[in-house]
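# A structural walkthrough
Residue strings, one per chain:
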Amino acid sequence: MKIFAHRGCSGTYPENTLAAFRAARDLEIEGIELDVHLSKDGELVVIHDELVDRTTDGKGFVKDMTIDQLRTLDAGSWMGEEFAGERIPFLSEVLELFVGTHHVLNIELKSDIFPYPGMADQVMTLIRFMGLEDRVILSSFDHEVLRYVAVEYPDIETACLTMEVMIDFPNYLKQIPSPAAHVFFPTALRQMGHELKAAGIPVRAFTVNDETYARMLEEVGVDAIFTDFPEKFLDV
């Protein structure tokens, strides 16, 4: 079973920061997962929430802040003073860390709350400029944008994200179409997970931080897990 570092090594470093991704880069794991929003002035930035409140010393929506405003925020001190000064990174900065490595880069398009018109095209332009097409997965809870990517960029792998127990999920994926499912880990242990595996669809489960659950998922044939503690699971 393969391992992805969820938001970088986010259990031991501030999530979605360059420090977390540098730590993940040094691990012999399958890849990393990160989240992308658009700033007010159209820059691709790596942060999970729509609001900056939880992981920085600022307040407000990412979409309402310019890149200059976002880059003044401290994205590390909330986790410890040793991380003071970490910034919200540009997507380009994160991708640059992995040019020349073997890691698969799972970019989650965070357009399920705010639509961010044109974001998928911007991400694809950057991916192609950096020559990373063969190592990128675009995932999203926004299944409309996945359909757009599938039509406009058929050479790029997509993955359909869901928190829910879905009925006849393999057929739903065909309608997008999306070749892979990224699911909340308990659902992978349900009938849905068995149906996906029977259909030959790759199943990757999030967010798995407990060894017991990891072993259960491995037993049912889950292809990969996303974890905040990838270094720990290398030893499991």
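Structure's up top.
In this report, the structure presented in the accompanying data block is examined. The model shown is predicted, which means the values in this text are computed figures rather than measured ones.

## A word on the nonpolar core
In this structure, Ile32, Leu34, Leu91, Ile107, Val123, Leu138 and Leu196 are the most contacted members of the largest nonpolar core, which totals 58 residues. If you tally residues by element for this core, the top one is helix H4 (residues 119–129), at 6 residues. Residue contacts for Ile32: discarding those within four places in its chain leaves Phe4, Ala5, Phe21, Ala24, Val94, Phe98, Val104, Leu105 and Asn106. Among the nonpolar cores identified, the runner-up in size contains 10 residues, and Ile47, Leu70, Leu73 and Ile88 belong to it.

## What to know about the side chain of Arg7
Structurally, Arg7 can be placed in the loop between strand S1 (2–6) and helix H1 (18–25). Relative accessible area serves as the criterion here: at 14%, Arg7 is assigned to the buried category. A polar side-chain atom of Arg7 sits 3.0 Å from a polar atom in the side chain of His48. Non-local contacts of Arg7, meaning those with residues more than four positions away in its chain, are made with Glu15, Asn16, Ala20, Phe21, Glu33, Asp35, His48 and Arg54.

## Things to note about the pattern of salt bridges
Applying the stated criterion across every chain, the model contains 12 salt bridges. A salt bridge links Asp64 to Lys63, with the nearest nitrogen and oxygen atoms 2.9 Å apart. With relative accessibility at 40%, the residue Asp64 sits in the partly exposed group. With its nearest N and O atoms 3.0 Å apart, the salt bridge here joins Lys197 to Asp223. Of this pair, Lys197 sits in helix H8 (residues 191–198) while Asp223 is found in the loop between helix H9 (211–219) and strand S9 (224–227), placing the two residues 26 residues apart along the sequence. Given a relative accessible area of 29%, Asp223 falls into the partly exposed group. Among the ionic contacts, a cluster of salt bridges with common partners joins Arg7, Glu15, Asp35, Asp49 and Arg54.

## Structural notes on the packing of aromatic side chains
Tallied over the entire structure, the rule returns 8 aromatic pairs. A centroid spacing of 5.0 Å and a plane angle of 40 degrees characterise the contact between Phe4 and Phe226, whose relative ring orientation is tilted. Remark: Phe226 occurs in strand S9 and Phe4 occurs in strand S1; sequence separation between them is 222 residues. For Phe4, a relative accessible area of 2% corresponds to the buried category. Where Phe184 meets Phe206, the ring centres are 6.2 Å apart and the plane angle is 40 degrees; that geometry is what we call tilted. Of this pair, Phe184 sits in strand S7 (residues 180–184) while Phe206 is found in strand S8 (residues 203–206), placing the two residues 22 residues apart along the sequence. On the accessibility criterion, Phe184 (29% relative accessible area) is partly exposed. Members of the aromatic cluster, joined through ring pairs, are Phe141, Phe184, Phe185, Phe206 and Tyr213. Here the guanidinium or amino end of Lys63 rests over the ring plane of Phe61, the centre of that ring lying 5.7 Å away. The ring centre of Phe114 lies 5.0 Å from the NZ or CZ of Lys63, which sits over that ring.

About the cut-offs
- Residues numbered from 1 in each chain as written.
- Predicted model: local features only at pLDDT ≥ 70, side-chain atom pairs only at ≥ 80, totals over all residues.
- Heavy atoms only, no water.
- Core = buried A, V, L, I, M, F, W, Y, C linked by side-chain atoms within 4.5 Å.
- Buried < 20%, exposed > 50% of the residue type's maximum accessible area, 1.4 Å probe, protein only.
- Helix = DSSP H or I, 4+ residues; strand = E, 2+ residues; numbered from the N terminus.
- Contact = heavy atoms within 4.5 Å.
- Polar contact = N/O pair within 3.5 Å; in protein donor to acceptor, adjacent residues only side chain to side chain.
- Salt bridge = Lys/Arg side-chain N within 4 Å of Asp/Glu carboxyl O.
- Phe/Tyr/Trp six-rings, centres within 6.5 Å; stacked < 30°, edge-to-face > 60°.
- Lys NZ or Arg CZ within 6 Å of the ring centre and 35° of its normal.

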